[in-house]
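Take a look at the letters that make up each chain.
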Amino acid sequence: MLDSAELLPALHTTFGFSAFRGVQEQVVRRVLAGQSTLAVMPTGAGKSLTYQLPATMMPGTCVVISPLIALMHDQLRSAEANGIRAASLTSADSNREETIDRFRAGELDLLYVAPERASQSHFRELLNAGQISLFAIDEAHCVSEWGHDFRPDYRALRPLMDSFAQVPRLALTATADAHTRADVLAQLGIDAAGLIVAGFDRPNIRYAIRHRQGGFTQLRDLLKEQPGPGIIYAPTRRKVEDLAQKLGEATGRRVLPYHAGLPAEQRAANQSAFVASEDMVMVATVAFGMGIDKPDVRFVAHAGVPKSIESYYQETGRAGRDGDDSVAVMFWAPADFVLARERLSEMDESRRKGERTRLDALSALVESPSCRRAILLRHFGESPPEKCGNCDNCLEAPGVADGSVVAQKLLSAAYRTGQSFGIGHLEKVLSGISDDRIVQRGHDRLTVFGILESEEARLLKPVARALQARGALVANEHGGLMLAGDARAILTGDVMLPVVLPPQGEKRSRGSRGN
Ligand code: ADP
Ligand code: ZN
């Protein structure tokens, strides 16, 4: 096995870096030892290096599976700039014959392909005609239906890789909760011992999540207070253009739009203007940001809720890559969730479950009175301190009520009913409302039936969300709520549960459980 003294010169020669970052070295060592690995590393942690460096050191070609051709070409160019022998094989490439010859002759360190190649028999034949050192699977969460971006083509990778059983696999992703990780390991045939997770904390980003009230004014004020380059994510193309124009007029700052509907030249021009600028604001859809290397982004704002906690983390993570203080502000309204829940009903059953879990987690994050960073990090499987001191809730406690007693009642009801019912059923039991299901199961004869005082009723949903936010109440795959985490300590009164009070005058329609 190589020791650092042997790895560092290779790192320096190829990339010009003097040290590894975070888990990079651990991942590289596993790969060089032929051990299949799933590396979960946040955006910007340097995932590419973990396959590119081994690719230059191992005999044969590393086959890189990458889902977006544009991203692939960026990586290809940067690999080539480091003197790595790399090529891509896609329908967009005109030099395919040449690439195939180079691969056969063993003259490539990296061969980038899109996942749809995996199921093509002539691609398998091609791979047989050369020597493969490693399979690197980028955006590996795409193989899981639990991930936020399932791509059926990824499912063809396993059979392909299985026919090259001696070749190690390196799966890479920035976004995978514990559930998705386990699924990615299983789907790609990687041993659970091969999981490596990098620290997700971005201590220089200050998180704030606010109710959207007159969204435009809030964004305008943000732009007035917050210097430096920034990104505002807006939900639709129309909103992007509208905000870009009005914010520019209202603040006098340079504000440009970016979305997939703009002409390619304008998109490219706006993007390079942003990368070069020290004070520009880009209003964009989520199409913007991937593969953009701009370390000094000082703020990221969301004009509506992102798709999931993973997306939130990834999008806010574009701020402050240089390590300097930065802010991430989200402006959300209940309507965002109502719309997202309506969309659930249009999905197939298989996707719906995962999407609903994601929405629940996201709503728990936005509603929680506790540390935002702690919630994020727990979501990614870490055990952070209770308070970070650098988020809105840590810096200024929101309007809260003591939800402890209601929490005890709710947890008892979940427990007594066998931990297999959702909030709607539990609410009825606690409020003493019977229906057929309740009578049939004998839930009207439980001691928890009707124990909720009428003035406690308004706390029930915030309490349920707060319990879910801290992981004391978790939903099983059928939506049944189960006790977990520190539920026992809450039941015994050893832990208090403050909850955020519903803002005055705001419609709380989000509670409706549309599916
Ligand atoms: P990811 O794919 O995880 O988002 P990248 O592979 O694009 O991250 O790397 C992010 C940035 O960090 C790149 O500019 C890369 O050159 C830089 N980088 C990666 N590893 C190191 C290192 N060990 N030392 C210094 N810079 C690094
Ligand atoms: Zn905090």
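It should be emphasised that the depicted structure is a prediction, and the values quoted were computed from it without experimental measurement.

What counts, and where the lines are drawn
- Residues numbered from 1 in each chain as written.
- Chains lettered and ligands numbered in written order.
- Predicted model: local features only at pLDDT ≥ 70, side-chain atom pairs only at ≥ 80, totals over all residues.
- Helix = DSSP H or I, 4+ residues; strand = E, 2+ residues; numbered from the N terminus.
- Buried ≥ 20, exposed ≤ 12 C-beta atoms within 10 Å, placed from the backbone.
- Contact = placed C-beta atoms within 7 Å.
- Pairing = 2+ DSSP bridges.
- Axes fitted to C-alpha atoms, helices over the stretch in contact; angles between N-to-C directions.
- Parallel < 35°, antiparallel > 145°, perpendicular 65-115°, else oblique.
- Left-handed = near helix turned anticlockwise from the far one by under 90°.
- Nonpolar A, V, L, I, M, F, W, Y, C, P; charged D, E, K, R; others polar.
- pLDDT = per-residue confidence, 0-100.
- Arc of directions from axis to C-beta.
- Near = placed C-beta within 6 Å.
- Core = buried A, V, L, I, M, F, W, Y, C linked by C-beta atoms within 7 Å.
- Right-handed = clockwise from strand over helix to strand, strands pointing away.

A. Highlighting the overall build of the protein chain. Summing up its helical and strand segments, the protein chain has 21 helices and 17 strands in all. The buried share of the protein chain, reckoned over its 515 residues, is 42%. A sequence separation of at least 24 residues applies to 72% of the contacts in the protein chain between residues at least 6 apart.

B. Broad picture of the sheet that holds strand β8 (residues 205-211). Pairing within the open sheet is parallel, and its six strands lie in the order β8-β13-β12-β9-β11-β10. Two strands bound the open sheet, and with one partner strand each, they are β8 and β10 (255-258). Sheet twist, expressed as the mean angle between neighbouring strand axes with direction ignored, is 15°. Running over the sheet, helix α10 (residues 237-251) touches β9 (230-233), β10 and β11 (281-284) and is turned about 175° from β10.

C. Spotlight on the environment of Ala397. The residue Ala397 is located in the loop between α16 (392-395) and β14 (400-402) in this model. Separated by 26 residues in the primary sequence, Ala397 and Cys371 have C-alpha atoms spaced 9.7 Å apart.

D. Inspection of the packing of helix α17 (residues 404-416) against helix α18 (residues 423-431) at higher detail. Packing of α17 against α18 brings their axes to within 10 Å, and their N-to-C directions diverge by 110°. Compared by their axis directions, α17 and α18 come out roughly perpendicular. With respect to the hand of their crossing, α17 and α18 are arranged in right-handed fashion. Contacts between α17 and α18 involve Lys409, Leu410, Ala413 and Ala414 from the first element and Leu426, Val429 and Leu430 from the second. Taken together, the residues that form the contact of α17 with α18 break down as six nonpolar, no polar and one charged.

E. Molecular detail of the confidence of the model for the protein chain. Looking at the protein chain, pLDDT values average 90 and 95% of them are 70 or higher. In this model, residues 504-515 is a region of pLDDT below 50 whose contacts with residues beyond four sequence positions or in other chains number 19 contacts. Model confidence for the complex is summarised by a pTM of 0.63, with the ipTM given as 0.97.

F. Focus on helix α9 (residues 215-225). Here α9 has its buried residues at Leu219, Leu222 and Leu223. Looking straight down α9, one finds its buried side chains confined to an arc of 95°; they lie on one side. More than 90 degrees from the buried face of α9, the exposed residues found are Thr217, Lys224 and Glu225. Tucked inside the fold, the buried residues of α9 contact β9, α10, β11, β12 (299-302) and β13 (326-332).

G. Up close: the site of ligand 1. Around ligand 1 there are 13 residues in total, and Phe17, Thr43, Gly46, Lys47 and Ser48 lie nearest to it. With three residues, the top contributor of residues to the shell around ligand 1 is helix α3 (residues 47-57). Class assignment for the residues of the shell around ligand 1 results in five nonpolar, five polar and three charged.

H. Representation of the nonpolar core within the structure. Grouped together as the largest cluster of nonpolar side chains are 107 residues, with contacts concentrated most on Leu111, Ala136, Ile232 and Val283. Ranked by residue count, the leading element in this core is β13, at six residues. The residues contacting Val283, other than those within four sequence positions of it, are Ile232, Ala234, Val240, Leu243, Ala244, Leu247, Val255 and Pro257. Residues Ala413, Leu430, Ala472 and Leu481 belong to the second largest nonpolar core, which totals 29 residues.

I. Geometry of unusual backbone geometry. A positive phi angle, close to 50°, is found at Glu139, a residue other than glycine. Mapped onto the fold, Glu139 is located in the loop between β5 (132-137) and α7 (157-162). With 23 C-beta atoms packed within 10 Å, Glu139 lands in the buried category. A positive phi angle, near 55°, is found at Gln419, a position not held by glycine. Its place among the elements puts Gln419 in the loop between α17 and α18. A count of 16 C-beta atoms within 10 Å places Gln419 in the partly exposed class.

J. Local environment of the packing of α9 against α10. Here α9 crosses α10 at 55°, and the two axes come no closer than 10 Å. Taken as axis vectors, α9 and α10 run oblique relative to one another. Classified by chirality, the crossing of α10 by α9 is right-handed. In this structure, α9 uses Phe216, Leu219, Arg220, Leu223 and Lys224 to contact α10, whose residues at the interface are Leu243, Lys246, Leu247, Ala250 and Thr251.

K. Here's a closer look at the environment of Lys409. Relative to the assigned elements, Lys409 resides in helix α17. Assessed through the 22 C-beta atoms surrounding it within 10 Å, Lys409 is described here as buried. Separated by 42 residues in the primary sequence, Lys409 and Ile451 have C-alpha atoms spaced 7.5 Å apart. In contact with Lys409, not counting residues within four places along its chain, are Leu430, Val448, Ile451 and Leu452.

L. Fine view of the pairing of β13. The buried fraction of β13 amounts to seven of the seven residues, a majority that puts the element mostly inside the structure. The side-chain alternation of β13 yields two buried faces, one formed by Ser326, Ala328, Met330 and Trp332 and the other by Val327, Val329 and Phe331. The sheet contact formed by β8 and β13 spans seven bridges and is parallel. In the strand pairing of β13, Arg206 is matched with Val327. Handedness of the crossover is the feature at issue here: the chain leaves β12, passes through helix α12 (residues 309-316), returns alongside β13, and the resulting connection is right-handed.

M. Here's a closer look at the pairing of strand β2 (residues 61-65). In terms of residue burial, β2 counts as a mostly covered element, since five of its five residues are buried. Side-chain alternation along β2 places Thr61, Val63 and Ile65 on one buried face and Cys62 and Val64 on a second face that is also buried. Relative to β5, β2 runs parallel, the two sharing five bridges. Looking at the pairing, Thr61 lines up with Ile132 of β5. Inspection of the sheet shows β2 paired to strand β4 (residues 110-113) by four bridges, in the parallel sense. Across the sheet, Ile65 pairs through a bridge with Val113, a residue of β4.

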